[in-house]
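Listed here are the chains, written in short residue letters.
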Amino acid sequence: MSMTTVDEKLSVNKYAVDEEVPHIVVVRDADAAEFDKLVTCCPAALYQRDEDGAPTFDYAGCLECGTCRILCGGTIVERWAYPRGSMGVSYRFG
Ligand code: SF4
């Protein structure tokens, strides 16, 4: 029996990225402990640390689940909104 991974399931979704208006903004110099919560909890793995340990975030690929808003909306997530118009994720199931 073949198993489908989460990455494979996510790869069938389509994303229309709003290059002009980021729907999620993280503060500069984010608190490390707060940022690492999001590294652990974002289901799309958009919060990461590079090889030097510096925090990185790219809103492209966001699943609009709201986890980062719930965990850090009062701390390091400065802005959280749904993408404009027809932008954002379109879920595909297959
Ligand atoms: S809304 Fe969900 S998928 Fe999007 S960045 Fe936040 S935790 Fe990740």
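**Details of the overall build of the chain**
Okay, step 1: Within the chain one finds three helices and six strands.
Okay, step 2: Secondary structure of the chain in N-to-C order comes out as α-β-β-α-β-β-α-β-β.
Okay, step 3: In terms of principal-axis extent, the alpha carbons of the chain reach across some 45 × 35 × 25 Å.
Okay, step 4: Within the chain, buried positions represent 28% of all 94 residues.
Okay, step 5: At a minimum sequence separation of 6, the contacts of the chain that also span at least 24 residues come to 67%.

**A closer look at the side chain of E64**
Okay, step 1: Along the polypeptide, E64 turns up in the loop between strand 4 (55-57) and helix 3 (67-72).
Okay, step 2: For the buried E64, no salt bridge exists, and the shortest N-O distance to an oppositely charged side chain is 11 Å, to R69.
Okay, step 3: A polar contact of 3.0 Å, which involves the side chain of E64, links it to the backbone nitrogen of V89.
Okay, step 4: Once you skip the residues sitting within four places of it in the chain, E64 turns out to touch H23, W80, Y82, P83, M87, G88 and V89.

Here is what the cut-offs are and how they apply
Residues numbered from 1 in each chain as written. Predicted model: local features only at pLDDT ≥ 70, side-chain atom pairs only at ≥ 80, totals over all residues. Heavy atoms only, no water. Helix = DSSP H or I, 4+ residues; strand = E, 2+ residues; numbered from the N terminus. Buried < 20%, exposed > 50% of the residue type's maximum accessible area, 1.4 Å probe, protein only. Contact = heavy atoms within 4.5 Å. Lys, Arg positive; Asp, Glu negative; His and termini not counted. Salt bridge = Lys/Arg side-chain N within 4 Å of Asp/Glu carboxyl O. Polar contact = N/O pair within 3.5 Å; in protein donor to acceptor, adjacent residues only side chain to side chain.

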